[in-house]
Amino acid sequence: MTPLFRLLSLSVVVAIAFSLGVSANQQAAPETNFASEVIDLGMVVSDIEKSIKFYKEVIGFEEIDGFKVPPQFASDTGLADKHQLDVHVLVLGKGEKTTKLKLMQFKTAPGARVDNTFIHSSYGYRYLTISVKDLNAAVARAEKSGAKPIAKCPVPLPEGFPSGVALANYRDPDGNLVELVGTWK
């Protein structure tokens, strides 16, 4: 086999492999009925100003334009009993795939507190997990804002989980647990 023939043969093999790879990458993922891979979380709070301050200063969310939901619409959809929703929207990052935390307060119809002592104390959504790149920086930010971690936090993840990663738990103004997870030195 001549060197030129070998080179041409190799070129054909590479071209076929490349086209097969491109073809495989262009195959559509299985279709789902979900318009987004991100879920937004709506949270009713007892003091909107304190909660916004906590999530912005301690955790690092940014506030974007919120919105209002008229009382009749809120009632018709089963969200609230003829109370307007004044929704404050906080985000982690930018773009379509950013997490949105939607905070609301009902001054004329305050909700009941649940037992937030431990995550097993009440049913329902019990905590937020927020992944950070640098847990040391996140803890320093929280400390600067006056937040104190729960228990012995930050605590390195146990054996069997990625090494060099830890978590730190905080409570928001209503006692909800917020878990920060990231690299820890």
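The preceding data block contains the structure.
Everything numeric in this text was worked out from a predicted model, so none of it was measured.

**Quick word on the sheet that holds strand 6 (residues 155–156)**
Hydrogen bonds between backbone atoms are what pair the strands of a sheet, whose relative direction is either parallel or antiparallel.
Part 1: Pairing in this open sheet of 4 strands is mixed, and the strands run 5-8-7-6 from one edge to the other. Two strands close off the open sheet at either side, each with one partner strand: strand 5 (127–134) and strand 6.
Part 2: With 7 bridges connecting them, strand 7 (residues 165–171) and strand 8 (residues 177–183) associate as antiparallel partners. Among the inter-strand pairings, A168 is bridged to a residue of strand 8, identified as L180.
Part 3: Those strands touched by helix 4 (residues 135–144) are strand 5, strand 7 and strand 8, and its axis lies near 115 degrees from that of strand 5.

**So, the pattern of salt bridges**
Part 1: Counted by the stated rule, this structure contains 6 salt bridges.
Part 2: Here D174 and R113 are joined by a salt bridge, their closest N and O atoms 3.3 Å apart. Remark: R113 occurs in the loop between strand 4 (99–104) and strand 5 and D174 occurs in the loop between strand 7 and strand 8; sequence separation between them is 61 residues.
Part 3: Of the residues examined, D174 reaches a relative accessible area of 13% and is grouped as buried.
Part 4: The exposure class assigned to R113 is exposed, which follows from its relative accessible area of 58%.

**Focus: the sheet that holds strand 1 (residues 41–44)**
Part 1: The strand order across the open sheet formed by 4 strands is 1-4-3-2, and the pairing between neighbours is mixed. Looking at which strands have only one partner, the edges of the open sheet turn out to be strand 1 and strand 2 (62–69). When strand polarity is set aside, the average angle formed by the axes of neighbouring strands in this sheet is 25 degrees.
Part 2: The sheet contact formed by strand 3 (residues 85–92) and strand 4 spans 5 bridges and is antiparallel. Each bridged residue has a counterpart across the sheet, and for H88 the counterpart in strand 4 is L103.

**Thoughts on the pairing of strand 4**
Part 1: Two elements, strand 1 and strand 4, share 4 bridges in a ladder whose sense is parallel. The residue bridging M43 from the neighbouring strand is L103, located in strand 4.
Part 2: What sits between strand 3 and strand 4 in their antiparallel hairpin is a turn of 6 residues, with G93 showing a positive phi close to 90 degrees.

Calculation criteria
Residues numbered from 1 in each chain as written. Predicted model: local features only at pLDDT ≥ 70, side-chain atom pairs only at ≥ 80, totals over all residues. Heavy atoms only, no water. Pairing = 2+ DSSP bridges. Helix = DSSP H or I, 4+ residues; strand = E, 2+ residues; numbered from the N terminus. Contact = heavy atoms within 4.5 Å. Axes fitted to C-alpha atoms, helices over the stretch in contact; angles between N-to-C directions. Salt bridge = Lys/Arg side-chain N within 4 Å of Asp/Glu carboxyl O. Buried < 20%, exposed > 50% of the residue type's maximum accessible area, 1.4 Å probe, protein only.

These figures come from the coordinates and say nothing about function on their own.
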